[in-house]
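Per-entry structural report
Letter by letter, the chains look like this.
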Amino acid sequence: MKSISVLGIYAADLVFFGEKIPITGETILGTNHMIGPGGKGSNQAVAIAKAGGNVNFISKIGNDQYGKMAKELYSESGVNIANLTISEEYSTGVAGIMVNKKTGENAINVVPGAAGKITKNDIDKASQTIKESGIFLTQLEAPLDVVEYAIEIASSNNIDVILNPAPATKIQDKIFPLINYFTPNETEAAFYAGHKVETKEDAARASSKLLEKGIKNVIVTLGEKGAYFANKKEDFFIPAFALGNKVIDTTGAGDGFVGGLAVALTEGKNMKDAIKFANALAGLSTTKFGTAQSMPKRLEIDNFNA
Ligand code: RIB
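Residues numbered from 1 in each chain as written. Predicted model: local features only at pLDDT ≥ 70, side-chain atom pairs only at ≥ 80, totals over all residues. Heavy atoms only, no water.

Further remarks concern the site of the ligand. In the vicinity of the ligand, the contacting residues are D13, G38, G39, K40, N43, A95, I97, I108, E141, G252, D255 and T291. In this structure, K40 approaches the ligand through a side-chain N or O atom, which is 2.9 Å from an oxygen atom. Protein coverage of the free-state accessible area of the ligand, which is 280 Å², stands at 96%. Sorting the residues of the shell around the ligand by element identifies α1 (40-50) and β6 (92-100) as the ones contributing at least two each. When its residues are assigned to classes, the shell around the ligand shows three nonpolar, five polar and four charged. (Near = heavy atom within 4 Å. Polar contact = N/O pair within 3.5 Å; in protein donor to acceptor, adjacent residues only side chain to side chain. Areas by Shrake-Rupley, 256 points an atom, 1.4 Å probe, with all protein chains shown as cover. Helix = DSSP H or I, 4+ residues; strand = E, 2+ residues; numbered from the N terminus. Nonpolar A, V, L, I, M, F, W, Y, C, P; charged D, E, K, R; others polar.)

The following block contains the structure:
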């Protein structure tokens, strides 16, 4: 099976649980906190490895305690790190995450640290890995010029590109036609389409606009509702798995979805089955605390998705 290259950031997640997410100017007394491995790219790479994919993670971490946590995670989960640079100059990234204990919803502030210093030269060093992959997957947490550069390298070598546009950021128009799969959530889809995206109908409208920009396939994730798919030939909606009050932390569910999608496509699943597999992985991740640590193993996904 072809490998998957993931470019993105690793950050240590400092997570605070409480009865609500505080609003501006408000202080609340939380209930508990945890520190765990995070960063969208890293979470996606871990999701892929645990789901049985062969994954290479391209990133940068610091030579510190949080960086050590990353290396332990990759060794346990089987993520290949030949293209992970250890910086002596910059510290490992961190994210402050507030989680509403009742609903599992979150708010995140991420400081990429060393991963914010990934350069085009780092991509050149990883270019052979990218060229040998079946899929190149990235997000918008690493420096934008570097992300766009890597997408151009992957696309010019006929490698399928998945862009998870998180956090939503303006990208150059010339990049859209190089994207095979674009996976925004509601907020991100709204950013690119210029209108609110809450329902299937909104997702359909947003997808048409995105397809016009030259993207080949659009998948809008709608949280606990499911995911809407569209390309120039077909469109459909795949509902999420109903998990009710088993949902305790939705942080990283989007990463689980994208990781699952990459694995399923690499295995040659058709689009509907690939999205169902991604929904199963994402759904299971919401039943555990944390991000990378909440990603399920392949057996759990297959049992749940049977
Ligand atoms: O998608 C969740 C992730 O976003 C967290 O792990 C946090 O580190 C931020 O990158």
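Core analysis: the biggest nonpolar cluster contains 47 residues, and Y74, I162, I219, L261, M271 and I275 have the highest contact counts within it. Per-element accounting of this core gives the leading share, nine residues, to helix α8 (residues 271-285). Setting aside residues no more than four positions away along its own chain, M271 makes contact with Y181, I219, F229, F236, L261 and L265. The next biggest cluster of nonpolar side chains, apart from the first, holds 46 residues, and it includes F17, I123, F176 and I215. (Core = buried A, V, L, I, M, F, W, Y, C linked by side-chain atoms within 4.5 Å. Buried < 20%, exposed > 50% of the residue type's maximum accessible area, 1.4 Å probe, protein only. Contact = heavy atoms within 4.5 Å.)

Attention shifts here to the sheet that holds strand β12 (residues 226-230). The strands making up a sheet associate through hydrogen bonds between their backbones, and the pairing can be parallel or antiparallel. Strands sit in the order β5-β4-β1-β8-β9-β10-β11-β12-β13 across an open sheet of nine strands; the sheet is mixed. Bordering the open sheet on either side are β5 (84-87) and β13 (235-239), each of which pairs with just one other strand. Both strand β1 (residues 3-7) and strand β8 (residues 133-138) contribute to a ladder of five bridges, which runs parallel. Counterpart to I4 in the pairing with β8 is I135. Packed on one face of the sheet, α1 meets β1, β4 (55-62) and β8 and runs near 145° to β4. (Pairing = 2+ DSSP bridges. Axes fitted to C-alpha atoms, helices over the stretch in contact; angles between N-to-C directions.)

With respect to the element layout, L137 can be found in strand β8. Counting along the chain gives 61 residues from L137 to E76, while the straight-line C-alpha distance between them is 21 Å. Each residue touching L137, except ones within four places of it in the same chain, is listed here: S5, V6, L7, Q44, I48, I162, V258 and A262.

Let us look at α1. The element α1 is extensively covered by neighbouring structure, given that 10 of its 11 residues are classed as buried. For α1, every residue scored as buried is listed here: K40, G41, S42, N43, Q44, A45, V46, A47, I48 and A49. One or two residues past the end of α1 sits G52, with phi positive at roughly 100°.

Overall, the coordinates contain nine salt bridges when judged by the stated rule. Linking E26 and K20 is a salt bridge whose minimum nitrogen-to-oxygen distance equals 2.8 Å. Relative accessible area serves as the criterion here: at 29%, E26 is assigned to the partly exposed category. Accessibility expressed as a relative area gives 34% for K20, which makes it partly exposed. E152 is the partner of K174 in a salt bridge, and the nearest nitrogen-oxygen pair spans 3.1 Å. In this pair, K174 sits in the loop between β9 (160-163) and β10 (181-182) while E152 sits in helix α4 (residues 144-156), placing the two residues 22 residues apart along the sequence. Each of E267, K269, R298 and D302 takes part in salt bridges that share partners, so that together they form one network. (Salt bridge = Lys/Arg side-chain N within 4 Å of Asp/Glu carboxyl O.)

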